[in-house]
Amino acid sequence: MRLAIAGFNLESVTFLPNPTTLNDFEVLAKRGQDLVDSFSGTNTVPGGFIAECNAHKIDMLPLVYSEAGAAALATDEAFDHYLREISEGILKEKTALDGVLLGLHGALVTNSFKTDFDFIFELRKKIGDRMPIGVSFDLHGNLDPKLAELVDVMSAYRESPHVDMGATGQRVAKLLIGKIKGILEPKTIIKKVPITLPSIFTATQVSPLSEIMSHARNKERENNGLLDCCVVMGFAYADVPQIGISILATAQTDITIAQKAADEMALLIWNQRQSLYPKHTIYSVTSGLAEAQDSIKPSGKPVVILEHADRMNDSTYVLRELLELPGIKSAAPYFWDPQAAQKALTKPVGSTIKLSIGGNSSKKAGDPISVSAEIIWSGEPSFSMGGVMGKGRPVSLGPTAIIQVNTVLIWLISANVSAINLDPFEQFGFDHKDFDIVLLRSKTHFRAIWETESEKIIIVDTPDWGPGLLDTLPYQNARKGVFPIT
Ligand SMILES: [Zn+2]
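Before going into details, it helps to say that this report is about the structure given with it. (Residues numbered from 1 in each chain as written. Predicted model: local features only at pLDDT ≥ 70, side-chain atom pairs only at ≥ 80, totals over all residues. Heavy atoms only, no water.)

**Digging into helix 10 (residues 285-295)**
Here is step 1: Taken together, the buried positions of helix 10 are occupied by V285, G288, L289, A292 and S295. The arc that holds every buried residue of helix 10, seen down its axis, measures 125°, which confines them to one face. More than 90 degrees from the buried face of helix 10, the exposed residues found are T286 and D294.
Here is step 2: On its buried side, helix 10 packs onto strand 10 (303-307), helix 11 (317-322), strand 18 (437-440) and strand 19 (456-460). (Buried < 20%, exposed > 50% of the residue type's maximum accessible area, 1.4 Å probe, protein only. Helix = DSSP H or I, 4+ residues; strand = E, 2+ residues; numbered from the N terminus. Arc of directions from axis to C-beta. Contact = heavy atoms within 4.5 Å.)

Okay, here's the thing in structure tokens:
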């Protein structure tokens with residue numbers, strides 16, 4: 001057996017102004033043997049595809065795997081480019097190929113509002129109906145129910161933080177291999193639940209979502225032919241008709257078993273909608289900073305402030321306030337500002353420089369901050385990701401400068417990478433315990449490490465494009481009747 005491996009991944013905030021270009025995708029794109037070498041042994045979707053192929057002694061045709069994290073709309077050029085590259089790679093080897101393993105996000109949107117559904121629809125048109133396709137989705141995908149007609153097998157992450165990316169890739173590969181061998185006859189249904197939640201409330205270890213996820217696992221254990229039951233939480237910042245939660249259920253042979261499980265899970269979630277959206281737990285910047293200062297313990301772990309509305313790692317609302325707090329040692333890891341980083345690299349470490357930092361991604365990211373900074377470290381760091389989620393995957397921050405302003409350490413980076421683990425500290429010789437406050441912009445992924453490494457987590461809302469209070473967003477395309485937005 002021989003399987004193609006490919007992927008095209010983006011979580012699109014449709015409200016952001018600057019599109020995600022082909023160049024942005026190409027920064028991390030891997031092809032051919034480099035794809036296999038880069039992802040083998042990593043806790044990632046392609047890492048899972050590769051592990052399962054190896055376990056079954058299956059030949060691989062590694063085509064291209066590109067991902068651009070979470071950012072604005074993708075350009076149609078990027079969509080067309082990867083569609084062409086993947087379909088041509090498959091067609092070239094069609095007679096010597098048994099199936100395709102594809103890693104998609106599920107919340108990709110282009111500037112002409114094409115989505116992952118269109119990607120698969122157009123891929124099908126090019127490669128034909130007979131080629132088996134298995135797709136892995138992110139837990140934050142806004143899945144279109146019609147995907148079930150185009151894809152042979154699919155599954156999605158069950159955890160957020162996504163510590164199960166590798167396991168999901170393996171699960172999809174196992175289902176596809178089983179189907180190709182004739183051992184499995186998977187039938188999948190996608191049922192929409194008219195709820196969309198801010199990403200901060202999609203942490204799967206936090207109640208009541210943790211109990212909902214346990215219920216899905218219990219359903220799979222009933223051993224009645226249900227092969228897989230994923231609660232896909234959706235992405236509130238992609239304004240598309242298919243916005244919101246989906247139940248992705250797969251049964252062996254009998255679709256009614258999948259349908260029944262999906263109906264039951266959908267009702268369970270709908271009934272919990274108010275407690276899944278605990279907006280009273282969100283602080284304003286002022287009250288969050290006051291709470292953070294009250295929570296600092298002199299010999300304790302840092303307090304985490306989560307500026308979660310910032311989708312581009314360059315919001316200035318909280319940082320501006322931290323710079324004004326005398327005597328409090330704060331860390332602002334992975335602050336995205338390529339121009340400022342580049343400028344800092346022109347001066348030697350130890351020198352002082354005047355910079356304007358942040359606020360570039362849109363007007364809602366806040367005004368840039370003018371600082372006089374000491375350069376503590378500079379270079380172009382590349383390393384293997386630590387922590388749990390994505391462990392082992394290659395990370396490149398691009399031109400980077402760590403600067404100190406008053407008592408605040410700021411990591412100016414050029415590649416838009418979110419800080420989710422201790423890498424910003426450990427890779428550069430710092431100890432996170434030396435800081436009173438750590439400012440993060442992750443949504444749930446930071447919890448895999450910071451739940452235990454922080455004194456307290458304080459969720460702060462700002463005016464940027466990923467707010468916790470969803471009724472502040474100008475939705476135009478979301479279908480009617482989705483709680484709590486339309
Ligand atoms: Zn996600």
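Here the narrative resumes, following the displayed structure.
**Focus on helix 8 (residues 209-221)**
Here is step 1: For helix 8, built from 13 residues, the straight-helix expectation of 18 Å at 1.5 Å per residue is met to within 8% by its first-to-last C-alpha distance of 19 Å.
Here is step 2: Of the positions making up helix 8, those classed as buried are L209, S210, I212, M213, A216, R217, K219 and E220.
Here is step 3: Each element contacted by the buried residues of helix 8 is listed here: strand 8 (226-232) and helix 9 (255-271).
Here is step 4: Two residues or fewer past helix 8, N223 is found with a positive phi of approximately 60°. (Expected span 1.5 Å × (residues − 1).)

**Focus: the pairing of strand 7 (residues 186-193)**
Here is step 1: With respect to burial, strand 7 is a largely interior element, six of its eight residues being buried.
Here is step 2: Bridge count for strand 7 against strand 9 (residues 245-252) is eight bridges, and the pairing is antiparallel. Along strand 9, the bridge assignment pairs V193 with I245. (Pairing = 2+ DSSP bridges.)

**Observations concerning the nonpolar core**
Here is step 1: The biggest cluster of nonpolar side chains holds 141 residues, and the ones touching the most others in it are I90 and V231.
Here is step 2: When we break this core down by domain, the ones giving at least three residues each are domain 1 (2-271) and domain 2 (283-467).
Here is step 3: Excluding anything up to four places from it in sequence, I90 contacts A4, L63, L97, V100, L123, I127 and M131.
Here is step 4: By size, the runner-up hydrophobic cluster in this structure holds 33 residues, among which are A341, A344, A373 and A401. (Core = buried A, V, L, I, M, F, W, Y, C linked by side-chain atoms within 4.5 Å. Domains from an automatic or database assignment.)

**Things to note about the pattern of salt bridges**
Here is step 1: A complete count under the given rule lists 22 salt bridges for this structure.
Here is step 2: Here D263 ties to K191 by a salt bridge, and the two come within 3.3 Å at their closest N and O atoms. Within this pair, whereas D263 is found in helix 9, its partner K191 is found in strand 7, the two being separated by 72 residues in sequence.
Here is step 3: On the basis of relative accessible area, K191 is assigned to the partly exposed category, the value being 27%. (Salt bridge = Lys/Arg side-chain N within 4 Å of Asp/Glu carboxyl O.)

**Side note on the coordination of the zinc ion**
Here is step 1: Distances from the zinc ion to its protein donors, namely D138 (OD), H140 (ND1) and H162 (NE2), fall within the range 2.1 to 2.2 Å.
Here is step 2: Sequence positions of the donors to the zinc ion reduce to the motif D-x1-H-x21-H. You'll find D138 and H140 in the same group, each marked buried. (Donors = N, O, S within 2.8 Å, 3.2 Å for Na, K, Ca; no water.)

**Describing the sheet that holds strand 11 (residues 330-336)**
Here is step 1: Here eight strands make up an open sheet; going across it, the order is 12-13-16-17-11-18-10-19 and the pairing mixed. The open sheet has two edge strands with one neighbour each: strand 12 (352-357) and strand 19. Each strand axis lies, on average, 30° off the axis of its neighbour in the sheet, ignoring direction.
Here is step 2: Bridge analysis of strand 13 (residues 369-379) against strand 16 (residues 400-405) gives five bridges, and the strand direction is antiparallel. Looking at the pairing, G379 lines up with T400 of strand 16.
Here is step 3: In this fold helix 10 packs onto strand 10, strand 18 and strand 19, with an angle of close to 170° to the strand it touches most, strand 19. (Axes fitted to C-alpha atoms, helices over the stretch in contact; angles between N-to-C directions.)

**Overview of the sheet that holds strand 8**
Here is step 1: The strand order across the open sheet formed by three strands is 7-9-8, and the pairing between neighbours is antiparallel. The open sheet has two edge strands with one neighbour each: strand 7 and strand 8. Each adjacent strand pair in this sheet contributes to an overall mean axis angle of 10°, direction not counted.
Here is step 2: Here six bridges tie strand 8 to strand 9, and the two strands are oriented antiparallel to one another. Each bridged residue has a counterpart across the sheet, and for D228 the counterpart in strand 9 is T250.
Here is step 3: Its contacts with the sheet put helix 9 on strand 7, strand 8 and strand 9, and the angle it makes with strand 7 is roughly 25°.

**Some details on the layout of surface pockets**
Here is step 1: Of the voids in this model, the second largest pocket is the one considered here, and its volume is about 180 Å³.
Here is step 2: Forming the walls of the second largest pocket are 13 residues, and the residues nearest its centre are I200, F201, V206, S207 and P278.
Here is step 3: Here the lining of the second largest pocket is composed, by residue class, of nine nonpolar, three polar and one charged. (1 Å grid on protein atoms, 1.4 Å probe; cavity = no way out; pocket = protein on both sides within 12 Å on 5 of 7 lines; lining within 4 Å. Points joined across faces, edges and corners; volume = space filled by probe spheres on them. Nonpolar A, V, L, I, M, F, W, Y, C, P; charged D, E, K, R; others polar.)

**Some remarks on the packing of helix 4 (residues 76-92) against helix 5 (residues 116-127)**
Here is step 1: Taken N-terminus to C-terminus, the directions of helix 4 and helix 5 make an angle of 35°; their axes are 10 Å apart at the nearest point. Here helix 4 and helix 5 pass one another in a crossing that is right-handed. Along its contact with helix 4, which presents F79, Y82, L83, I86, S87, I90 and L91, the element helix 5 presents D118, F119, E122, L123, K126 and I127.
Here is step 2: Residue classes in the contact of helix 4 with helix 5 are distributed as nine nonpolar, one polar and three charged. (Left-handed = near helix turned anticlockwise from the far one by under 90°.)

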